[in-house]
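# Observations on the model geometry
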Amino acid sequence: MSPGWLGLAHDDPFGVHNLPYGVFVAGCVIRVGVRVGDLVLNVSGLESQGLLDAHGTFETADSLNPFLAEGRPLWTAVRSRLVELLTDEAHRKDVEPLLFPLDRVHPQLPVRIGDYVDFYSSEEHATNLGKLFRPGQPPLLPNWKHLPIGYHGRAGTVVVSGTDVVRPSGQRKPPDADAPVHGPSQRLDIEAEVGFVVGPGSDPGVPLSTKDFADHVFGVVLVNDWSARDIQAWEYQPLGPFLGKSFATSVSPWVVPLDALSAARVVAPPQDPPVLPYLADDRTGYDIRLEVRWNGTLVSRPPFAGLYWTPAQQLAHLTANGAWVNPGDLYASGTVSGARRDQAGSFIELTWGGAEPVRLADGGSRRFLEDGDTVTITATAPGADGRVVGFGEVTGRILPAGAGPG
Ligand code: MN
């Protein structure tokens, strides 16, 4: 791929090999954009000016949903046209006026999310949480290796990176207390995850197969599934997470297309026992390397490549009962944790339930999140020809309980 007139460095994680999509506000108008280098290309403007044909899905849109609904043939055609526009000198004079510096635009939630599902697909994370939540019992429940465990999250409280998160209040039962109390969470945590954005919907009553993944999933965002462990531990049995997680879930603003991740494909771990036929897949995983920073200190590097359940299996399972998906649905992997402590995707694992505080570069130490703390999750994946694919970041700051957004 020619570096083109933009003059981007070979190692720029947002070169024309990536081209993630988002929605941004510049001035008073909302536009669909594509990030390239430290610039954002106004693709709504490109379409209005007749330089790009996206079937009208960019021209007046305030979300990626119309584009997502069109499916892979349009995604492929638009991608190749964008590469042409951004590399061929002949298009420079038309395209240059539609480029904005990244730091001058305000990224929005890229997708209108109808349904949000969160899985629990890292064996290391499920094992760690089992030990911490149910000490003395087998850490993995009997169903864990037979199906990708998940729950339906709250789509309406998914927020874009940079949105402050108010510390949730709720019921918790201190271990030595006879009765629960209500108040601000004292064990506020993160979950570093990878999210998958659904493209074309499926038909009611017709499950998708693992082979349908590439036709029904457009791309990937980073997810922070903020979790109040004390609320969660008291409320989760028998129906699973509820208010301990529904107060906010943050996502990164730029959706990296699956098309940018061909070189990041890896073989996911073998599964034993064998799965039921509807969950059989080609074991395609993705070598997405996450980094978690707590007030700027790098505390963990969770490896997505090792997840037991693949995104194709998750999609097949979430439609296996006949439930259909719609354009813009989001499903997340579950906390990504590796085998080592410095690969933990949550702080309850990193500090082992708060028993082993982590020291931050500013000299402070932490067990769980304190008011004013900021957590930033970033990621990269291998691209073709030694390039790197960037995912940007999902970041959020904790405000005190009861405080409105600052
Ligand atoms: Mn989660």
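Here is what the cut-offs are and how they apply
Residues numbered from 1 in each chain as written. Predicted model: local features only at pLDDT ≥ 70, side-chain atom pairs only at ≥ 80, totals over all residues. Heavy atoms only, no water. Helix = DSSP H or I, 4+ residues; strand = E, 2+ residues; numbered from the N terminus. Rg over C-alpha atoms; globule rule 2.2 N^0.38 Å. Buried < 20%, exposed > 50% of the residue type's maximum accessible area, 1.4 Å probe, protein only. Contact = heavy atoms within 4.5 Å. Areas by Shrake-Rupley, 256 points an atom, 1.4 Å probe, with all protein chains shown as cover. Lys, Arg positive; Asp, Glu negative; His and termini not counted. Charge placed at Lys NZ, Arg CZ, Asp CG, Glu CD. Donors = N, O, S within 2.8 Å, 3.2 Å for Na, K, Ca; no water. Pairing = 2+ DSSP bridges. Core = buried A, V, L, I, M, F, W, Y, C linked by side-chain atoms within 4.5 Å. Salt bridge = Lys/Arg side-chain N within 4 Å of Asp/Glu carboxyl O. Domains from an automatic or database assignment. Buried area = accessible area lost by both parts, 1.4 Å probe. Polar contact = N/O pair within 3.5 Å; in protein donor to acceptor, adjacent residues only side chain to side chain. Nonpolar A, V, L, I, M, F, W, Y, C, P; charged D, E, K, R; others polar.

## Some points on the overall build of the protein chain
The helix and strand tally for the protein chain stands at 9 helices and 26 strands. Relative to the 2.2 N^0.38 estimate, which gives 22 Å for 406 residues, the radius of gyration of the protein chain is 21 Å and therefore close to what a compact globule would have. Projected onto the principal axes, the alpha-carbon positions of the protein chain cover approximately 70 × 50 × 35 Å. A burial count over the protein chain gives 53% of its 406 residues as buried. The contacts of the protein chain with a sequence gap of at least 6 include a subset with a gap of at least 24, amounting to 72%. For the protein chain, the computed accessible surface area is about 16900 Å², with 54% contributed by carbon and sulfur atoms. Charge centroids of the protein chain, computed over 32 positive and 46 negative side chains, lie 5 Å from each other.

## Side note on the coordination of the manganese ion
Six octahedral donors around a metal ideally make angles of 90 or 180 degrees; four tetrahedral donors ideally make 109.5 degrees. Within the protein, Asp118 (OD), Glu191 (OE), Glu193 (OE) and Asp225 (OD) serve as the donor atoms for the manganese ion, at 2.1 Å. One chain supplies every donor for the manganese ion, spaced along it as D-x72-E-x1-E-x31-D. Within this pair, whereas Glu193 is found in strand S13 (residues 192-198), its partner Asp225 is found in the loop between strand S14 (217-224) and strand S15 (227-228), the two being separated by 32 residues in sequence.

## Thoughts on the pairing of strand S2 (residues 29-36)
Across 6 bridges, strand S1 (residues 21-26) lies against S2 in antiparallel orientation. Within S2, the position partnered with Val25 by the bridge is Ile30. Here S1 folds back onto S2, and the loop between the two strands holds 2 residues, one of which, Gly27, carries a positive phi near 65 degrees. Relative to strand S3 (residues 39-42), S2 runs antiparallel, the two being bridged by 4 bridges. When the bridges of S3 are listed, Arg35 appears paired with Val40. Linking S2 back to S3 in an antiparallel pair, the connection comprises 2 residues, with Gly37 at a positive phi of about 55 degrees.

## Looking at the pairing of S3
As paired strands, S3 and strand S4 (residues 99-101) are joined by 3 bridges and run antiparallel to one another. Residue pairing across strands places Val40 opposite Phe100, the latter belonging to S4.

## Quick notes on helix H8 (residues 311-318)
Here H8 lies mainly inside the structure; 7 of its 8 residues are buried. Buried within H8 we find Pro311, Ala312, Gln313, Gln314, Leu315, Ala316 and Leu318. Packed against the buried residues of H8 are strand S6 (116-119), S13, helix H6 (213-216), S14, strand S19 (284-286) and strand S22 (330-332).

## Details of the nonpolar core
Counting residues in each nonpolar core, the largest one holds 51 residues, and the members touching the most others are Leu261, Ile288, Tyr331 and Phe391. Of all the secondary-structure elements, those providing two or more residues to this core are S6, S13, S14, strand S20 (289-294), H8, helix H9 (347-350), strand S25 (374-382) and strand S26 (388-399). Residues within four places of Tyr331 in sequence aside, it is in contact with Val117, Phe119, Val194, Gly195, Phe196, Val198, Phe213, Val217, Pro311, Gln314, Leu315 and Leu318. In terms of nonpolar packing, the next biggest core, distinct from the first, is built from 44 residues, Val16, Val34, Leu74 and Tyr116 among them.

## Focus: the pattern of salt bridges
The final tally for this structure, using the stated rule, is 23 salt bridges. Notably, a salt bridge pairs Arg289 with Asp287, separated by 2.6 Å at the nearest N-O pair. Of the charged contacts, one joins Arg366 and Asp373 as a salt bridge, the two residues approaching to 2.8 Å between their closest N and O atoms. Through salt bridges that share partners, Asp189, Glu191, Asp225, Arg229 and Lys245 make up one connected network.

## Re the domain arrangement of the protein chain
Each assigned domain of the protein chain is listed with its residue range as follows: domain 1 (21-108) and domain 2 (116-399). Between domain 1 and domain 2, the C-alpha centre-to-centre distance is 29 Å. Between domain 1 and domain 2, the residue contacts involve 19 residues of the former and 19 residues of the latter. Interface of domain 1 and domain 2: buried area, both sides summed, is about 1500 Å²; carbon and sulfur atoms make up 66% of it. Interface area lost by domain 1 to domain 2 is led by Tyr21, Leu68 and Arg72, which between them contribute 38%. At the junction of domain 1 and domain 2, the tally comes to 1 salt bridge. Here Arg72 makes a salt bridge to Asp259, at a shortest N to O gap of 3.0 Å. Where domain 1 touches domain 2, the interface holds 5 residue pairs in polar contact (both at pLDDT 80 or more). Taken together, the elements giving at least two residues each to the side of domain 1 that touches domain 2 come down to S1, S2, helix H2 (65-70) and helix H3 (72-87). For the side of domain 1 that touches domain 2, the class distribution of residues is 10 nonpolar, 6 polar and 3 charged.

## Details of the sheet that holds S20
Taken in spatial order, the 5 strands line up as S9-S26-S25-S20-S21 in an open sheet, and their pairing is mixed. Unpaired on one side and paired on the other, strand S9 (165-166) and strand S21 (297-300) mark the two borders of the sheet. Pairing geometry for S25 and S26, over 8 bridges, is antiparallel. Each residue of the ladder has a partner; that of Thr374, found in S26, is Arg397.

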